[in-house]
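Here is how the chains run, residue by residue.
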Amino acid sequence: MRAAHPGAFPLRSAHQTSTDRGGHISVEPRVNEQIRAREVRLVGPEGEQVGIVPLERALQLAADVDLDLVEVAPMARPPVCKLMDFGKFKYESALKAREARRNQQQTVIKEMKLRPKIDPHDYETKKGHVMRFLKQGDKVKVTIMFRGREQSRPELGFRLLRKLSEEISELGFVEASAKQDGRNMIMVLAPHRNVKAAAVATREGRTEDGPVPEGEAAVLPEVVTADQG
């Protein structure tokens, strides 16, 4: 290990390289006395270019303003280092990563199958399923199945899909318009952005007013594929 520069303050990072203890290679940047270059291209805390300076001088400047010297571009010649509060930087990076993971929602597509001459009661039941899926934040592929002579009456399918899209319009919208696919007619519905956001909040045990009380977090229903009627 390099001896600490007399003007530098203690490291705020517990970073260890793979050669220190034989562990995994760290993905964290080198900080302060971990930096090995003789000189660095220094960037100030506000992004201003200071220029190429000896490492000792860069460490002294960092100590003078109570900041860390962080190697942000180790492959550059000379490596680029920036003056920053490394602890604060790691904290903000963790928050951003958490938010990015939260925004990366898996696209789940449920399927609902109907017949063009479906019974009104069955239609209401399946519409209820579609609405439930949308409230969960999922997309729904609605399939109209034609059999025999029904294939010569595509208008029945279009009419049924138009009716369904109008009746669930408060929860979702038509993402892919109805189109014929062999013996089937397919339309894809997607939840409105605010509906999906509410579903995500519920899954994470949150509400607009704060966390959902313990024991009241929503439990997602099982996948339902209705193919009768």
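Data block above holds the structure.
Below, the structure is looked at part by part.

Analysis parameters
- Residues numbered from 1 in each chain as written.
- Predicted model: local features only at pLDDT ≥ 70, side-chain atom pairs only at ≥ 80, totals over all residues.
- Heavy atoms only, no water.
- Helix = DSSP H or I, 4+ residues; strand = E, 2+ residues; numbered from the N terminus.
- Contact = heavy atoms within 4.5 Å.
- Pairing = 2+ DSSP bridges.
- Salt bridge = Lys/Arg side-chain N within 4 Å of Asp/Glu carboxyl O.
- Buried < 20%, exposed > 50% of the residue type's maximum accessible area, 1.4 Å probe, protein only.
- Axes fitted to C-alpha atoms, helices over the stretch in contact; angles between N-to-C directions.

**Quick notes on the environment of Val 130**
Here is step 1: Secondary-structure assignment places Val 130 in helix H4 (residues 120-135).
Here is step 2: When the C-alpha atoms of Val 130 and Val 142 are compared, they prove to be 8.5 Å apart, with 12 residues separating the residues in sequence.
Here is step 3: Not counting residues within four places of it along the chain, the set of residues in contact with Val 130 comprises Met 112, Val 140 and Leu 189.

**Some points on the pairing of strand E3 (residues 68-73)**
Here is step 1: Across five bridges, the pairing between E3 and strand E4 (residues 80-84) is antiparallel. When the sheet's bridge partners are listed, Glu 71 is paired in E4 with Cys 81.
Here is step 2: With antiparallel pairing between neighbouring strands as the criterion, E3 and E4 make up a hairpin whose turn holds six residues.

**Considerations on the pattern of salt bridges**
Here is step 1: By the definition in use, this model includes nine salt bridges.
Here is step 2: The partner of Lys 90 in a salt bridge is Glu 28, and the shortest N-O contact between them spans 2.9 Å. In this pair, Lys 90 is assigned in helix H3 (residues 86-103) and Glu 28 in the loop between helix H1 (18-21) and strand E1 (39-43), connecting sequence segments 62 residues apart.
Here is step 3: By relative accessible area, which is 34% here, Lys 90 ends up partly exposed.
Here is step 4: Among the residues examined, Glu 28 registers a relative accessible area of 29% and is labelled partly exposed.
Here is step 5: Between Glu 71 and Arg 30 there is a salt bridge; the shortest N-O distance is 3.2 Å. Here Glu 71 is found in strand E3, whereas its partner Arg 30 is found in the loop between H1 and E1, with 41 residues between them in sequence.
Here is step 6: Under the relative-accessibility criterion, Glu 71 is labelled buried at 6%.
Here is step 7: Among the residues examined, Arg 30 registers a relative accessible area of 25% and is labelled partly exposed.
Here is step 8: What you see here is one network of salt bridges that share partners, running through Glu 124, Lys 127 and Glu 167.

**A word on the sheet that holds strand E7 (residues 172-181)**
Here is step 1: Pairing is mixed across the open sheet formed by four strands, whose spatial order is E5-E6-E8-E7. Every other strand in the sheet has two partners, leaving strand E5 (109-114) and E7 as the edge strands with one partner each. On average, adjacent strands in this sheet sit at an angle of 20° to one another, irrespective of strand direction.
Here is step 2: In the sheet, strand E6 (residues 139-145) pairs with strand E8 (residues 184-191) via six bridges, with the strands oriented antiparallel. Looking across to E8, one finds that Thr 143 is bridged to Ile 186.

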